[in-house]
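Chain by chain, the residues run as shown.
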Amino acid sequence: MMRQILFACFFSILTLLSANAQCVLSGKVIDDKKESLPYVTIRLLEKDSIFIAGATTDSLGCFSFPKVNKGEYILALSSIGYTPKNFPIQVNKGHVDIGIITLPTQDIQLGEVIVKGSSFIRQKDKVLILPDKQQVKHANTGYDLLSNLMIPGLDVDRRTGTVSTLGGNATLYIDGRKVDYREVQSLRPKDVERIEYYDVPTGKYANDVAAINYITRKYKTGGYISLDANQTIGYLAGNYNAVAKLAHGNTSYTLFGGYDMKRYDGINTEGEELFHFAEQDIRRLTSTLDGNVKTNNQYVQLNVENRNDKRTLVGKLSFVRDDEPDNYNRNRLEYEGANPIIQESETQETQRGLKPNLNLYGYFNLKHDQFIEATFTGTYTNNDYTYSYQENNYKTFTRTDEDLYALFGNINYGIKFRHQNSLSGQLFHFHNISMSSYSGSNNTWQHLWTGETIFFVEYSHQIGKKFTLKAAPGFSNLQYKLHGAERVKQFSPRLRARLIYRLANNQQLQWTGNIGNTFPSISTMNNTTQFVDSLMIKRGNPTLTPAKLYATGLIYGLQAGRFNLQSMVNYLRGKGVTTSLFYEENQKLVQSYSCNNNANIWNAYLSLSYKVTNNLRLKLDGSWMNLNCRGDLYEKFNSLSAKAQVDYYLKDFAFSLYGKSKEKQMSIDLVKTTMPARYGLSISYHHKNLYAEVGTESPFTSKNEQIYEMTQNVYQYKNSLTSRTFQQTAYIKLAYTFDFGKKTNRSYNDVDRNINSAILKAR
């Protein structure tokens, strides 16, 4: 009897333990393109929605709950940008693998989503940024929004439309299509769902220093008319634009037009030059007595876009006119040396450019996770440039007429494999033909064509759960021919490589390595001569060759709640880089170009942003650069700089304050530039479709000056420049948009208003 009782008790205990044994629950999450989804939030709930446990998918989209009691549960999955999913599950054995779960992509409605914590989400190859309500409301352009986001490592100048990193200017995209980085002025912030920031670009963005991709909402019907004007106070400058858009079904038509102008009293120069000639040294002191600068620019562009789920087709036709009819200055010159003398000089420059442009773009989604993307751009530019200089009895005059043809083509192909691995190929071709006729003091004719083909094959491979290796071998085939000279061919191997290590869901460390090349500008690679003044001559060099570049760096990124940080250390070695070279010829100083120099450059920066409250935001940046150049020239250079930005939002008003320390820079010509410390304040008002902004720059500083200096064996100079354009100034900006029909997203003004030129200019 006792044995039966003990056996019954033992059996009951085993049954009870078995009933409460803890199990393992696991699975994998992918998107509707069958790509693994990292950082998806998983919640395990009881049938009455009581929270049991939480988890996050890893870099491969996998998740696991190691200790789950048997029973019935609800599994809830959510991720920003994807449709949430809840479904019941039954846990009744030791290991329950629920298999693959698909989360469909969801359009993010910013007006209805409240993002708590960080709006910066670190993904495998980029940072996903979700603008909050305050940042969107208090922005009128794509540049305003980018500035409000305070992205660490990114410097945004809203007024000039410059977006830059320590390594150079960032390339801007909208819905994956490249646009002119200066011309996102017409992008309406409320139409931006999210922004992708590729701090170490890969795939289709691999040739960029950094890439910003605006993802916008799509509307099918309706239209709008938008007008904006920006007027500077302190000197005469204005920018005025109009946009009209009509959308119907999958096709939209957009017409842009604009005019900007500027007029001020030129740039005042206080300079000192030393000419070390064989027979004597000459010291020349320069001070400006009078000057005038007048410019104007007009453009018009028609965009036609057709889009559906399988493809995107875009055509753009534009015409740009740029005119500088009056660029004049009169200087006092004091010569010291064997024959001291004081006299005056007059310089007059005019420039005019006309440029029609055609751009075609297509993106096609293919079967089996493949895509193909193609771009073609054709441009013709007609330039007219005149330069005259008079100093006592010395006179020189040059007029140049140029026809410049530029063609660009690009094809990208990509395919995705399992486990987030991918393969892509990128083919680029650049072709330029320049025909220039120089008349006046020097009569020459120049015909130069350059063509470069670049090809890369990039493979991305996931190594375990924390590492990703990307390798892109390739080559560059450069050819160019100057009339009267032999054709030059240069074949150079290229390589892009990076290793990504995910320390945690919000931390990432990247190593990058690159081998590349760059070739000289076509405005320097010629046999033309320009007479600058009584002592100086400018001359091209047709024998310049491409430079070889080697770079490596480390980048660390952290997104932690309201705090975001990015830091970088980078090393660049350039072999055979092109720099200016000065030498004496018949008691004249000749400025030409040399490619016999090697440069070593170290860069480092630390950038952080902090969301103190929903209304108060801060950003701090610091950078350091060290340059060492050896060869025909020898130069060492160090610089430190810092910048701070504070934004405060109050209902319909926004207040922004920024300050930037004095900054030293060095160009590839080894010219040292000292930029003055700058600070500014702006106040904006945004209500419905009306936007108004007033601002000021350096309001309490009476004399900002830029200093340019250089030292070579035969020539030294130091110039202090002052201009009304970077003194105490203010501005006022007004913008209004009228929507008709159903709401449609505002098109981006991506008109390229740069007038390209291969002319060797005197200044």
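Residues numbered from 1 in each chain as written. Predicted model: local features only at pLDDT ≥ 70, side-chain atom pairs only at ≥ 80, totals over all residues. Heavy atoms only, no water.

Overview of the confidence of the model for the protein chain
Of all residues in the protein chain, 90% attain a pLDDT of 70 or more, and the chain-wide mean is 84. This model gives residues 1–20 a pLDDT under 50, and the stretch forms 3 contacts once residues within four places in sequence are excluded. (pLDDT = per-residue confidence, 0-100. Contact = heavy atoms within 4.5 Å.)

Here we look at the pairing of strand 44 (residues 715–723)
For strand 44, the tally of buried residues reaches 7 of 9 residues, placing the bulk of the element in the interior. As judged from the 9 bridges shared by strand 20 (residues 267–276) and strand 44, these two strands associate in the antiparallel manner. Of the residues in strand 44, the one forming a bridge with Asn268 is Thr722. Remark: 3 residues form the turn of the hairpin made by strand 43 (residues 706–711) and strand 44, two consecutive strands paired antiparallel. (Buried < 20%, exposed > 50% of the residue type's maximum accessible area, 1.4 Å probe, protein only. Helix = DSSP H or I, 4+ residues; strand = E, 2+ residues; numbered from the N terminus. Pairing = 2+ DSSP bridges.)

Section: the sheet that holds strand 14 (residues 177–179)
One open sheet accounts for 6 strands, arranged 8-9-15-16-13-14; its pairing is mixed. Looking along the sheet, the strands with just one partner apiece sit at the ends: strand 8 (120–122) and strand 14. When the angles between neighbouring strand axes are averaged without regard to direction, this sheet yields 25°. Looking at chain direction, strand 13 (residues 171–174) and strand 14 are connected through 3 bridges and run antiparallel. Paired with Ile174 across the bridge in strand 14 is Arg177. (Axes fitted to C-alpha atoms, helices over the stretch in contact; angles between N-to-C directions.)

With respect to the sheet that holds strand 10 (residues 155–157)
In a beta sheet, neighbouring strands are held together by backbone hydrogen bonds and run either parallel or antiparallel to one another. Strand order in this open sheet of 3 strands is 10-11-12, and the pairing throughout is antiparallel. Strands with a single pairing partner mark the edges of an open sheet, and in this sheet they are strand 10 and strand 12 (168–169). Pairing of strand 11 (residues 162–165) with strand 12, which is carried by 2 bridges, proceeds in the antiparallel orientation. For Ser164, the partnering residue across the bridge sits in strand 12 and is Asn169.

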